[in-house]
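# A look at the structure
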Amino acid sequence: MKETVIVSGVAGFLGSHLAERLVAEGNRVVGIDNFSSGRRENLEGLRGSPDLTLVRGDLAQPISLPRARTIYHLASPASPPRYLKIPVATLEVNAFGTAQMLAHARRCRARFVLASTSEVYGDPEVHPQPETYWGHVNPIGVRSCYDEGKRFAEALTMAWHRERAVDARIARIFNTYGPRMAPDDGRVVSNFLVAGWKGEPLRIHGTGKQTRSLCYVDDLVEGLVRLARAETVEGPVNLGNPLEEVSVETLAERVVGLTGGRSTIVHDAKAEDDPERRRPDISKAKELLGWTPRIRLEQGLSATAKHFRNS
Ligand code: NAD
Ligand code: UDP
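Presented here is a report on the structure given in the accompanying data block. Numbering of residues begins from 1 in every chain and follows the order in which that chain's sequence is written. Labels follow written order: the first chain is A, the first ligand is 1, and so on. Predicted model: local features are reported for residues with pLDDT of at least 70 only, side-chain atom pairs are reported and counted for 80 or more only, and whole-chain, interface and lining totals are derived from all residues. Values reported for side chains reflect all heavy atoms of the structure, with hydrogen atoms and water molecules removed beforehand.

## Structural notes on the packing of helix α7 (residues 248–258) against helix α9 (residues 297–310)
Here the axes come from fitting lines to C-alpha atoms, over the contacting stretch only for helices, and the angles between their N-to-C directions go from 0 to 180 degrees. Each helix is a run of H or I in the DSSP string that is no shorter than four residues. Each strand is a run of E no shorter than two, and both are numbered from the N terminus. Two numbers describe how α7 lies on α9: the axes approach to 11 Å, and their chain directions differ by 55°. What the angle tells us is that α7 and α9 run oblique. Pair α7 / α9 crosses with right-handed handedness. Contacts between α7 and α9 pair L251, R254, V255 and L258 from the former with L297, E298, L301, S302 and A305 from the latter. Each residue receives one of three labels: charged for Asp, Glu, Lys and Arg, nonpolar for Ala, Val, Leu, Ile, Met, Phe, Trp, Tyr, Cys and Pro, and polar for the others, Gly being one of them. A per-class count over the contact of α7 with α9 returns six nonpolar, one polar and two charged. What sets the label is the angle itself: under 35 degrees gives roughly parallel, over 145 gives roughly antiparallel, 65 to 115 gives roughly perpendicular, and the rest give oblique. Handedness of a crossing follows from how the near helix is turned relative to the far one, being left-handed for an anticlockwise turn of less than a right angle and right-handed for a clockwise one. By definition in these notes, contact holds between two residues if any of their heavy atoms fall within 4.5 Å.

Printed below as a string of structure tokens:
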């Protein structure tokens, strides 16, 4: 049976992959986006589809929404250079935007899925990070607009769940990469691939010893969908790839190798409050969702490199 699903942030990297997957399964998607970092070309594969309705709108403002069975709330700036430029709007969409989506979920008894982030753990003192870890976040630092915005969104989601019985889920998403990352959005995989194909230097912030665990987009979308469809899930669930924790330096070397070997690697100053390491403990996702990422970095990175070469 066709289900109507709302996806906020639908024109973004993750939102567009999720919408494609949901439509391919026979659902109707109502996508909302203000195109601040989303791009129309991300939805090229759904152009003309009667099963995608695109609503242009800013979720930090009141907006009218159709009834739906499931709501995936992904709208938010996600890359550090972007949210550092618009900290107020970042806090607003995570606070007011999330409140608006939760109220709507309650009205139509929809299941609500929040796209939260591993950034709620800040610069973690516990490694790998289980959901039970409360985090180590600078509440007034430059990244706090995002970190605290998402922490507030999580708190709001749990409050609506406890007090107002919204059937809510929280995905703590760890660094995800793949085709359709915006080439200019400043995240490490896209920055390195763009520079690599141009033969320009790959710029590492700091020593390059800091790590991230990289999850391919198809695996992440599978995890999100399973989280939304699971019978019962209490509290947040980490989604990310613990097998692919790499240092930024190693990633840079791999990208130079994949893109023809013409680029050099240079070091800039360390970014402020940049987390030193990050790796998800995914025991909860494995147990409750039967989910584990399948795509190795070698395979995912080479698919992403091809995409960037052709785009
Ligand atoms: P993205 O920037 O590609 O997508 C975000 C989308 O939200 C964009 O299309 C943007 O235009 C839209 N948007 C932003 N503010 C909005 C507003 N006020 N109203 C309406 N639309 C708005 O980023 P992404 O990587 O696809 O991230 C999607 C979600 O997943 C975000 O909530 C992000 O915090 C979360 N997340 C992503 C990652 C990752 O590695 N990709 C990691 C952790 C969390
Ligand atoms: N980074 C880098 N060069 C770049 C972009 C990012 O060295 O051109 C570093 C960044 O400082 C961080 C890591 O790569 O240590 C991951 O950055 P990204 O912005 O992709 O994600 P996040 O910091 O949100 O995990």
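More follows now that the structure is in view.
## Let's talk about the packing of helix α1 (residues 13–24) against helix α6 (residues 217–229)
As a packed pair, α1 and α6 sit with axes 10 Å apart at the nearest point and diverge in direction by 65°. Handedness of the crossing formed by α1 with α6: right-handed. Of the residues in α6, those in contact with F13, L14, H17, L18, R21 and L22 of α1 are V217, D218, L220, V221, E222, L224, V225 and R229. Partitioning the contact of α1 with α6 into residue classes produces nine nonpolar, one polar and four charged.

## Some points on helix α3 (residues 87–107)
Between its first and last C-alpha, α3 extends 30 Å over 21 residues, near the 30 Å set by a 1.5 Å rise per residue. Axes are fitted to the seven residues ending at a residue and to the seven starting at it; the angle between these axes is taken as the bend at that residue. By the largest-angle criterion, V93 marks the main kink of α3, which is about 25°. Only protein chains enter the accessibility calculation, which uses a 1.4 Å probe. A residue is then buried if its area is under 20% of the maximum for its type, exposed if over 50%, and partly exposed in between. Every buried residue of α3 is accounted for by T90, V93, N94, G97, T98, Q100, M101, L102, H104 and A105. Those residues of α3 that are buried lie in contact with β1 (4–8), β2 (28–33), β4 (70–73), α2 (80–85), β5 (111–117) and α4 (144–164). Helices are assigned an expected span. That span is 1.5 Å times one less than the residue count.

## A look at the site of ligand 1
Note on definitions. A residue lies near a molecule or strand when any single heavy atom of the residue is within 4 Å of it. In the vicinity of ligand 1, 29 residues are found, and the nearest of them are D33, S37, D58, Y146 and K150. Between ligand 1 and L59, the relevant distance is 2.9 Å, taken from a nitrogen atom to a main-chain nitrogen or oxygen of the residue. A 3.5 Å cut-off defines polar contacts: any pair of N or O atoms within that distance qualifies, except that in protein one atom must be a possible hydrogen donor and the other a possible acceptor, and neighbouring residues in sequence count only when both atoms are side-chain atoms. Here an oxygen atom of ligand 1 sits 2.8 Å away from a polar atom, N or O, in the main chain of T176. For accessible areas, the Shrake-Rupley method is used with a probe of radius 1.4 Å. Any residue's cover is judged against the shown protein chains and nothing else. Taken by itself ligand 1 offers 820 Å² of open surface, and the protein chains cover 96% of this. Listed by contribution, the elements that provide at least two residues to the shell around ligand 1 are α1, β5 and α4.

## Quick look at the packing of aromatic side chains
Geometry of aromatic contacts follows a simple scheme: Phe, Tyr and Trp rings, the Trp one being its six-membered ring, pair when their centres are within 6.5 Å, and the pair is stacked under 30 degrees between planes, edge-to-face over 60, tilted otherwise. Applying the stated rule across the entire model yields four aromatic pairs. Taken together, a centroid distance of 5.5 Å and an interplanar angle of 70° make the contact between Y177 and Y216 edge-to-face. In this pair, Y177 sits in strand β7 (residues 176–177) while Y216 sits in strand β10 (residues 215–216), placing the two residues 39 residues apart along the sequence. Here the two residues Y177 and Y216 agree in accessibility, since each one is buried. Through a chain of ring-to-ring contacts, the aromatic side chains of Y121, Y133 and F174 assemble into a single cluster. Distance and angle both matter: a charge sits over a ring if NZ of Lys or CZ of Arg is within 6 Å of the ring centre and within 35 degrees of the ring normal. The ring of W160 carries the charged tip of R164 above its face, separated from the ring centre by 4.6 Å.

## Regarding α9
Since the α-helix packs 3.6 residues into each turn, any two residues three or four apart lie on the same face. End to end, α9 covers 20 Å across 14 residues, agreeing with the expected 20 Å (1.5 Å per residue, within 8%). Of all the residues in α9, the buried ones are L297, G300, L301, T304, A305 and F308. Projected down its long axis, α9 carries its buried residues within an arc of 135°, all on one side. With respect to the buried face of α9, the exposed residues turned more than 90 degrees away are E298, K306, R309 and N310. Here the arc refers to the set of directions running from the helix axis out to each C-beta atom.

## Here's the deal with the site of ligand 2
In the region of ligand 2, 17 residues are neighbours, and R203, H205, R212, D274 and R278 sit closest. A distance of 2.8 Å separates an oxygen atom of ligand 2 from a polar side-chain atom of N191. Side-chain polar atom of R212 to an oxygen atom of ligand 2: 2.6 Å apart, as the coordinates give it. Protein burial of ligand 2: of its 520 Å² of free accessible surface, 94% is covered by the chains. A class-by-class count of the residues in the shell around ligand 2 yields five nonpolar, five polar and seven charged.

## Side note on unusual backbone geometry
Between H127 and the following residue, P128, the backbone shows a cis peptide bond with an omega angle of -10°. Positive phi values are uncommon outside glycine, yet D273 reaches one of about 60°.

Scope: geometric values only; no functional claims are made or implied.
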